[in-house]
Amino acid sequence: MMTDRRPDPKQLLRQLQDEEAALESGRLKIFFGAVAGVGKTYSMLSAARKLKEEGIDVVVGCVETHGRIETAALLEGLEVIEPKPVNYRGTTLNEFDLDYAVARKPQLILIDELAHTNAPGSRHAKRWQDVLEILKCGIDVYTTVNVQHVESLHDIVSQITGVQVQERIPDSLIEAATELELIDLPPDELIQRLKDGKIYLSEAAKSALNNFFRKGNLIALRELALRFTAEHVDSEMLKYRKAHSISSIWPTSERMLLCVSNSPLSIRLVRATKRMATALRAKWYVAFVETPNYSNLPESEKSRVIQTLRLAEQLGAETLELSGKNVADELIGWARENNVTKIVIGKPAKSTFLEKLNGTIVDSLVRESGMIDVYVISGDDDKAAITFKKNVSASQKPMSYVWSTLVVIICTAVAALMRDHFELSNLIMVYMLGVVIASTRYGRAPAAMASILSVACFDFFFVPPFYTFAVSDTQYLVTFAVMLTVALIISTMTARIRQQAQSARIREGRTAKLYSIARDLSSSQNLDELIAVALKNTAATFESQVALLFPDWNDNLVVVSDLTGPDRLTEVDSGVAAWSFKNKQPSGLGTGTLPGAAALYVPLVGPQRVIGVLAIKPALDGRFRAPEQMHLLETFASQMAIAFERAQLAEENERARVQVKSEQLRNSLLSSVSHDLRTPLATITGAASSIIDGSEELTTADCRDMAVEIFHESARLNRLVSNLLDMTRVQSGNLQVKKDWYPVDEIIGSALSHLDARLTGRKVKVVIADNLPFVTVDSILIQQVLVNLLENALKYTPEGSELVLRASLLDQHPHQQKAVQIEVADRGPGISTENHKRVFEKFFRQKITDLKEPSDKSNGDSPGVGLGLAICAGIIEAHGGKIWVQNRPGGGAVFKFYLPIDSEPSLTQCDE
């Protein structure tokens, strides 16, 4: 009788966590179609309008009508979020305004074209990432997508249409969708819509009909969409069954489960089941149940199991390994959990005595299967089936029986010494101990022999009449029977525990190795570290020479191994590696493809693409014949592929971020410089042209005024160009700091003298503390800092307002070292708190909103390019100091920086 299968606590906990996450997250509905023009957007808008009529807060985030009048008409009456303009290389692109949508937080938002790529500079690279953020905010989303954009179907779509679709979405997003609604249209009707201009304009429609929209393509894509939708619905049904603990079978679609063993006939069963599944158009699985006896199988039979499973995978089956004491229980349990409708198993050739007494696996399956059909087949008649020579296990070796016999002899000797002092029942315990030792060390069969010998020796030596097998008292017959039964039970149970312990050790070792590589991979920061960790762990675990091959920019595999010494694989067959990379299958040593290769080549298949190939040459030729070793290697390869892909994606994201940042800086520089160059150049050009083309009425004083204006604007241009050059030096790290000892008041005086003309009419209050020590600085650079800070104050403050310049000794600062602190304070509009750090960024300029009469009018925008404060920060950091800004009580801003004092200068240094 099959025991009841209790719910898995981990599964229940995971189910509870998923339900809690679903309550906090928004619901996603995808309108799914084969190609453009089937009516996905139209259906989405129609469904949204119905919800709007029911009182649901519906907002249109972004919808592409493509000029279709009937689709555009459905937008009337719906709130539409204004697109966000994004400037990219001089072109303004309209993108979905994610920030506004999150702040608006409607109940439902419509976002068309899920696979769309956002413009550079957007928060996310893909629109589906925007959708994920919206869902996390608890907002429901309606969206649309075509079948060619599904990541897992990319290769199939490319093979059918000949088009490489670049915009793709991960399958996990579709799997997480609450609802997937298929919008279907027959190919002929779709072609007619295309001809009528309802999908594309006339010229584009002609091109589409001759390429992507060929009828054959449309039929194939339609079938793909139908099948994908059916699979999604099927997975939803399985989730519902598991969530509601439904064990009965719902035969909505055929699912077949084949059980294989170490028998040579298992390969025949796989082929036969493949034909059955094809005829029934059923999804099929091949399972191997690992029992405690599995560890005692010879390596040849273990290798046969893995070969059978590989054949099943090549024929399209999904393989799985189960573990348990009872094969039938494990098969029935898994079949019910996964809604399997048919179980296939091989016909037993012959039954042992115990199988005849208790029944075979087939009997148990038929008895416990319930509504699941059980097929018992013999498979194909394969006369060429390979037969393996069975290795002798530990329990079948002759020496095991010899040692077991010796254990019984020793027990007899010990019992003989105890006979005069103990009862016979105690002597029986000695033999029981011997049986336990024999079963623990030598296996079940030698232990069973030891049980029989123990009863015989006890009868012969210790039961009267002695030294004969005759029994004077019939009650000893019961003693012998119980003793033999108990001994056999003990030997069987001990041997089984020994087998289970051995299996547990194997699993523990495998788990420890997987944990080790997973821990090391997760702690590595970049791709180079990951490669080193992966090669080191693989070489140590499998005692092999290893190498990694990654594709270059031209998809040619190149070796990227950094190992040295005996662990490095120097001879790599690029042809075998290329085959594995292209076909996503292992090849080379020990496989059915190119087995003459000196090494085994395993593809590193990541979630989205093939990352590379792992080449491994074991020190022992038969290393990977054992299924455990091969499975462990494949798991290693899977872990490495995921880690490598994660690192590559991180690098790609970083490159994209840097590119976007560079583009933003370039755009900021062009817009700022063009504005600030245009203004003085226009002034210079106007003044110069007035002098050249001036009439006789133009006086000498007028010419002098215009010449002064030209001079000032030229000086302004010079400062702008100097700032650009200085920023370039700071950014490139070429800023040379020539330090020497200088008094602070001298540096401050030089900066004020430099701005003497511009400070006319301004009150400047200078406060310098007494006995300030000399500082080791580049006086020209620090003077430039002060000039930039004073110019910044002049730009942002009204005419006639007071400026304060203060220098003091700072005894305590973050580095616990004496320093000189210098401040430049004004009475301007101040700096908003959120911009206290941003003001030191390149090209940042705060808008002037509170300033009524700045010294330089600029229509609300701060004058200048926005480089002055960034240059100050670079110079101060080069001196080992720090610069920051605070708002002054009563209004205005105060910029502060400190310069560390290395040591007190000597008199000689001061004289110099």
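Residues numbered from 1 in each chain as written. Predicted model: local features only at pLDDT ≥ 70, side-chain atom pairs only at ≥ 80, totals over all residues. Heavy atoms only, no water.

Enquirer: Can you help me understand a nonpolar patch on the surface in this one?
Expert: Where nonpolar side chains cluster on the molecular surface, the patch consists of Met399, Val402, Trp403, Leu406, Ile409, Ile410 and Val414 and spans about 630 Å² of accessible area. Residue placement: Trp403 occurs in helix α16 (residues 398-418). (Patch = residues over 30% accessible without salt bridge, like charges linked within 9 Å, V, L, I, M, F, W, Y side chains within 5 Å. Areas by Shrake-Rupley, 256 points an atom, 1.4 Å probe, with all protein chains shown as cover. Salt bridge = Lys/Arg side-chain N within 4 Å of Asp/Glu carboxyl O. Helix = DSSP H or I, 4+ residues; strand = E, 2+ residues; numbered from the N terminus.)

Enquirer: Which parts of the structure should I look at to understand the sheet that holds strand β22 (residues 803-810)?
Expert: Backbone-to-backbone hydrogen bonds join strands into a sheet, with any given pair of strands oriented parallel or antiparallel. One open sheet accounts for five strands, arranged β20-β22-β23-β25-β24; its pairing is mixed. Whereas interior strands pair on both sides, the edge strands pair on one side only; in this sheet they are β20 (764-768) and β24 (882-887). Averaged over neighbouring strand pairs, the angle between their axes works out to 15 degrees when direction is ignored. One ladder, built from seven bridges, connects strand β23 (residues 819-825) with strand β25 (residues 893-900); its direction is antiparallel. Within the sheet, the bridge partner assigned to Ala825 lies in β25 and is Val894. Packed on one face of the sheet, helix α24 (residues 744-754) meets β20, β22 and β23 and runs near 170 degrees to β20. (Pairing = 2+ DSSP bridges. Axes fitted to C-alpha atoms, helices over the stretch in contact; angles between N-to-C directions. Contact = heavy atoms within 4.5 Å.)

Enquirer: I tried to follow the pairing of strand β10 (residues 283-290) on my own but got confused; where do I start?
Expert: Side-chain direction in a regular strand flips from residue to residue, so the side chains alternate between the two faces of the sheet. For β10, the buried fraction is high: seven of the eight residues fall into the buried class. Where strand β9 (residues 255-260) lies against β10, six bridges are found, and the strand directions are parallel. Counted as the bridge partner of Leu258 is Val286 from β10. In this fold, β9 hands off to helix α11 (residues 266-280), which returns the chain to β10; that crossover is right-handed. Where β10 lies against strand β11 (residues 318-323), six bridges are found, and the strand directions are parallel. What sits directly across from Glu290, in β11, is Ser323. (Buried < 20%, exposed > 50% of the residue type's maximum accessible area, 1.4 Å probe, protein only. Right-handed = clockwise from strand over helix to strand, strands pointing away.)

Enquirer: How do you make sense of the nonpolar core when you look at a structure like this?
Expert: Here is a general trend for soluble globular proteins: nonpolar side chains tend to be buried in one another's company. Core analysis: the largest hydrophobic core is formed by 61 residues, its most contacted members being Phe96, Ile109 and Leu110. No other element matches the five residues that helix α10 (residues 215-243) contributes to this core. Once residues lying within four places of it in the same chain are set aside, the contact partners of Leu110 are Met44, Leu45, Ala48, Val58, Val59, Val60, Gly61, Cys62 and Tyr142. One finds Ile782, Leu805, Val839 and Ala873 within the second-largest nonpolar core, a separate group that totals 43 residues. (Core = buried A, V, L, I, M, F, W, Y, C linked by side-chain atoms within 4.5 Å.)

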